[in-house]
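Notes for the structure review
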Amino acid sequence: MKRNRTTLRSVEILKLVSKCPEGITLDQICDSLDLPKTSAYDIITTLAETGMVNVTRGQKQVYTIGLTAYRIGVSYTNHLDVLSTIEPELKAFAREIGKTVFYGVLTGHEVVYLCKFEPENPIITTATVGTKNPVYCTSLGKAILAYTDEETRRQVIGRIHFRQKTPRTILTEEALLAELDQVREKGYALDAREVEEHMECVGAPVYDQAGRVLGAISASSLYKPTEDYHALGLAVKRKAEAISRLLGYLEQAPEKSEK
């Protein structure tokens, strides 16, 4: 795969700046990385404009790591902290229910899978850690959308380009909104063979300490007409609530009917 030289230089500069808490000058950056001054200046100026680095002006401009870079780092660290809590819970849950379980988060108008744990005799699933799927036809995506704030939900839905994956895939905004109402009513979401014809998945939201939807967990298995998906949905919902409490969420999601 061809790598972009400017992007690589930008990363190298950010790494160098991050190692110099007292700051570093443009000349020092060029000397350390053996970069042409004009190229380095263009990159560092762009990084400064985007908040990735700070500029202290004096006899010579000095660069330190910026707030935007810091926030990205904190976000990454927070995900690591969350995963260290979630992973053992999901590993045990997969064994308990005998199904493949996932944890995913919203990225744009898609869901990215951050965790995956399988039972002793797993079925083959196409979703792997790091892959993405649309929010409108996954139980993870529906669970997140149903319980996220209205503004975020509106923005995400506005970016969706509905595409049919199976004959059961939701294809309109109206149908998706109606389904999200059902998700809030039940407390869990279904992927009723909407991504893959032979797979049925159940998902429920996970909350952070502040009560915001952090992501969702799901359980996936081969579709069986005899499977009690309502019971499975309630089990996934309870596990998501337990994980939320471990993450510091003090209030459970509003209780829905379990009839």
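Worth saying up front: this structure is predicted, and the values here are computed from it rather than measured.

Parameters at a glance
Residues numbered from 1 in each chain as written. Predicted model: local features only at pLDDT ≥ 70, side-chain atom pairs only at ≥ 80, totals over all residues. Heavy atoms only, no water. Phe/Tyr/Trp six-rings, centres within 6.5 Å; stacked < 30°, edge-to-face > 60°. Helix = DSSP H or I, 4+ residues; strand = E, 2+ residues; numbered from the N terminus. Buried < 20%, exposed > 50% of the residue type's maximum accessible area, 1.4 Å probe, protein only. Pairing = 2+ DSSP bridges. Axes fitted to C-alpha atoms, helices over the stretch in contact; angles between N-to-C directions.

Turning our attention to the packing of aromatic side chains. Within the structure shown, the criterion is met by four aromatic pairs. Taking 4.9 Å as the distance between ring centres and 20° as the angle between the ring planes, the aromatic pair formed by Y207 and Y249 counts as stacked. Of the two residues, Y207 sits in strand 8 (residues 199–207) while Y249 sits in the segment after helix 8 (229–246), which places them 42 residues apart along the sequence. In this structure Y207 comes out as buried when scored by relative accessible area, which is 5%. On the basis of relative accessibility, which here comes to 12%, the residue Y249 falls in the buried class.

Time to look at the sheet that holds strand 6 (residues 132–134). Reading across the sheet, the six strands line up as 6-5-4-9-8-7 and stay open at both edges, with antiparallel pairing between neighbours. Two strands close off the open sheet at either side, each with one partner strand: strand 6 and strand 7 (189–192). Put simply, the sheet's adjacent strands are angled 30° from each other on average, direction ignored.

Strand order in the open sheet formed by three strands is 1-3-2, with antiparallel pairing between adjacent strands. Two strands bound the open sheet, and with one partner strand each, they are strand 1 (24–25) and strand 2 (53–56). With two bridges joining them, strand 1 and strand 3 (residues 62–65) adopt antiparallel strand pairing. If you follow T25 over to strand 3, its bridge partner there is V62.

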